[in-house]
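Letter by letter, the chains look like this.
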Amino acid sequence: MSIPTTTNETLRANSPGPHLPGTPTADISSRPPKEAVEDKSIPDIEHVPVDDDPRKWSYARKTITLWIVSAASLISTLASSIQNPMNELIAHNLHATSFQISWTLAAFIIVQGNFPLVWSAASEIKGRKLVYVAATAIFVLASAIVANAQTINVLIGMRVVQAAGSSAAMTISAATLADIYETHERGTMMGIFFAAPLFGPALGPIIGGCLSEAFGWPASFYFLAACGGILLGAFIFLFKDTFRIERSLTYQAALRRRTNTAKGLKSATESTVTESNAKTEEKQASDEKASPQPGSIEDGTAAVKVESGLNDVRLSISDINPFPPFWKIMQQRNNLAILLANGLVFALSYSVSYTCTRTLNMHYKYDALSVGIVLLSLGAGSIGGSVIGGRWSDHVVTKMTNKNGGKWYPEMRLKSATLAMVWLPPSVVAYGWVAEKHVDVGVVCVMLFLCGFFSIWMYSGTLAYVVDANPGRSSSAVAANSSFRGTLAFVSIMVAARLQDAIGDGWFYTGFAGLVVVMELLIVLVLRKGESWREQSLKIFN
């Protein structure tokens with residue numbers, strides 16, 4: 001990808017410093033209050049003028065984009081949960097131990113959570129569409145190989161590859177929505193978008209149970225391969241890339257590194273040429289017959305060659321390093337606090353789903369299909385919390401912006417989570433003791449619904465905050481969020497069964513509710529201190 005000739009101007013427009021005539025900050029006052037930023041000294045990279053601005057696309061084009069990325073996220077989460085009801089069949093057919101079966105689940109989760117760091121960095125250099133197509137193709141291929149696996153080791157290995165392919169959807173999709181929607185629209189759209197992948201954990205066990213009972217365990221993975229193939233076609237023929245290099249801080253940082261390297265080479269070359277020329281002049285002083293050598297300053301060819309290279313800087317796959325963007329996100333205290341909170345939300349979700357399955361199997365004697373139906377209540381609550389919480393988030397942001405004289409700042413988004421924060425800890429405690437006492441399954445379903453509803457209501461606001469608080473780095477921020485989610489979910493699955501057996505559901509989830517309270521205190525802390533922390537970070541890193 002070649003760099004436009006206006007690159008230097010773009011870099012100046014996006015860099016901190018006083019306002020320059022003609023830069024995008026001149027447009028801030030003309031935007032509606034709910035699109036204004038809190039401080040005009042902070043570069044507004046999200047509104048840098050670009051060709052074919054995705055935020056000015058038609059409603060139909062945006063809706064198509066939303067549906068495609070939502071479908072990709074649904075398939076991603078479906079792949080993580082579809083295996084649960086067929087574990088016994090896989091163990092029997094592939095002669096696998098329970099430990100090996102547990103690794104097919106845990107390895108999938110940890111890779112799906114952390115591999116987005118690579119995809120997000122790639123999408124900030126090469127664009128969203130290329131990453132979607134490459135990742136989906138990998139997912140389709142891996143799903144087909146899993147369906148034909150003859151040993152448990154092959155299945156584990158291909159589940160890891162499958163996880164890597166599926167992991168792009170959640171991270172890049174959130175960044176895609178940030179590309180096409182303004183800040184005051186993102187809460188609602190994030191809520192709608194996030195409802196789709198929440199169907200995965202709810203529908204996965206039912207689909208997996210039905211297909212495995214009817215056609216054998218490979219049928220579920222053939223189903224995933226078929227869904228991935230349809231999705232791949234949609235990305236190739238219907239999806240239009242939303243990425244614009246002018247609005248990517250990651251791209252601009254990579255460009256500066258490459259340009260500075262090229263300038264360093266130029267400086268070294270000029271220094272060498274100057275030294276050589278000095279020696280030539282000394283020789284000329286003693287021998288008037290000497291003539292300038294090719295490549296000297298008089299000849300000018302060295303400088304011309306280096307300058308030509310500077311005008312044709314290209315970024316390649318070697319510039320895709322996921323760790324610098326990840327480290328930039330992690331160094332900001334507001335990000336770290338919210339990422340820990342978001343990770344704990346998913347640790348709770350995976351833990352509840354896993355331990356509830358064990359409880360229903362052991363104490364209620366439910367089969368795989370019945371377990372899947374009960375877990376629908378957790379999925380239904382999560383979907384409701386996502387949609388309603390997203391709309392509530394936008395409502396709160398709009399209301400607070402108007403009260404603040406039209407000035408907006410990202411921490412307003414967290415205010416919308418406080419209502420759900422009141423009810424989540426008691427819901428978690430109530431679920432634990434209901435499961436402990438093995439009461440009527442209808443009560444279990446109600447508690448599952450409430451846990452899903454309030455946790456995702458809160459998460460819809462905190463996820464939107466992660467995007468809003470990191471303009472120009474939305475993809476890297478969501479990838480970091482995915483890493484925390486996957487890592488803490490992995491830990492929760494590895495310890496949940498042991499703690500459940502040791503102290504029971506009641507005390508286990510009472511303790512978990514204590515962690516939830518700590519998580520909520522982190523959110524309150526960012527609500528109060530986040531703005532000042534972000535300003536300090538801008539001074540340090542810029």
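Thresholds applied
- Residues numbered from 1 in each chain as written.
- Predicted model: local features only at pLDDT ≥ 70, side-chain atom pairs only at ≥ 80, totals over all residues.
- Heavy atoms only, no water.
- Helix = DSSP H or I, 4+ residues; strand = E, 2+ residues; numbered from the N terminus.
- Expected span 1.5 Å × (residues − 1).
- Buried < 20%, exposed > 50% of the residue type's maximum accessible area, 1.4 Å probe, protein only.
- Polar contact = N/O pair within 3.5 Å; in protein donor to acceptor, adjacent residues only side chain to side chain.
- Bend = angle between axes of the 7 residues up to and from the residue.
- Phe/Tyr/Trp six-rings, centres within 6.5 Å; stacked < 30°, edge-to-face > 60°.
- Lys NZ or Arg CZ within 6 Å of the ring centre and 35° of its normal.
- 1 Å grid on protein atoms, 1.4 Å probe; cavity = no way out; pocket = protein on both sides within 12 Å on 5 of 7 lines; lining within 4 Å.
- Points joined across faces, edges and corners; volume = space filled by probe spheres on them.
- Nonpolar A, V, L, I, M, F, W, Y, C, P; charged D, E, K, R; others polar.
- Patch = residues over 30% accessible without salt bridge, like charges linked within 9 Å, V, L, I, M, F, W, Y side chains within 5 Å.
- Areas by Shrake-Rupley, 256 points an atom, 1.4 Å probe, with all protein chains shown as cover.
- Salt bridge = Lys/Arg side-chain N within 4 Å of Asp/Glu carboxyl O.
- Axes fitted to C-alpha atoms, helices over the stretch in contact; angles between N-to-C directions.
- Parallel < 35°, antiparallel > 145°, perpendicular 65-115°, else oblique.
- Left-handed = near helix turned anticlockwise from the far one by under 90°.
- Contact = heavy atoms within 4.5 Å.

(A) Molecular detail of helix H18 (residues 441-468). For H18, which comprises 28 residues, the first-to-last C-alpha distance of 40 Å matches the rise-based estimate of 40 Å (1.5 Å per residue) to within 8%. Of all 28 residues in H18, 22 are buried; the element is thus mostly enclosed. If you check the start of H18, you find a side-chain oxygen 2.9 Å away from the backbone N of glycine 442, and it comes from aspartate 440.

(B) Main features of helix H15 (residues 368-403). Helix length check: H15 (36 residues) gives 52 Å between terminal C-alpha atoms against 52 Å at 1.5 Å per residue, within 8%. The largest bend along H15 reaches roughly 25 degrees and is located at leucine 375. Downstream of H15 by one or two residues, glycine 405 has phi in the positive range, about 70 degrees.

(C) Quick peek at the packing of aromatic side chains. Counted according to the given criterion, the structure contains 16 aromatic pairs. Both rings, one in phenylalanine 115 and one in tryptophan 119, keep their centres 5.5 Å apart while their planes meet at 65 degrees; by these two values the pair is edge-to-face. Three or more aromatic residues joined by ring pairs make a cluster, and in this case those are Tyr431, Phe508, Tyr509 and Phe512. The ring of phenylalanine 346 is capped by arginine 485, whose NZ or CZ atom sits 4.1 Å from the centre of that ring.

(D) Examining the layout of surface pockets more closely. There is about 1400 Å³ of room inside the largest pocket. In terms of lining, the largest pocket is formed by 46 residues, of which the most central are Asn84, Asn87, Leu105, Tyr354 and Thr357. Contributions of two or more residues to the lining of the largest pocket are made by helix H2 (59-81), helix H3 (87-94), helix H4 (98-114), helix H9 (183-215), helix H14 (333-362), H15 and helix H19 (474-541). Of the residues in the lining of the largest pocket, the class split is 25 nonpolar, 15 polar and 6 charged.

(E) A look at a nonpolar patch on the surface. Together, Val491, Met494, Val495, Leu499, Ile503 and Trp507 make up an exposed nonpolar region whose accessible area comes to about 520 Å². With respect to the helices and strands, tryptophan 507 occurs in helix H19.

(F) Examining the packing of helix H6 (residues 128-147) against helix H7 (residues 152-166) more closely. The interhelical angle for the contact between H6 and H7, taken along N-to-C directions, is 160 degrees, at an axis separation of 7 Å. One finds that H6 runs roughly antiparallel with respect to H7. As for the relative orientation of H6 and H7, their crossing is left-handed in sense. Between H6, through Ala135, Thr136, Ile138, Phe139, Ala142, Ser143, Ile145 and Val146, and H7, the contact on the second element is made entirely by Val154, Leu155, Met158, Arg159, Val161, Gln162, Gly165 and Ser166. Grouping the constituent residues of the contact of H6 with H7 by class yields 10 nonpolar, 5 polar and 1 charged.

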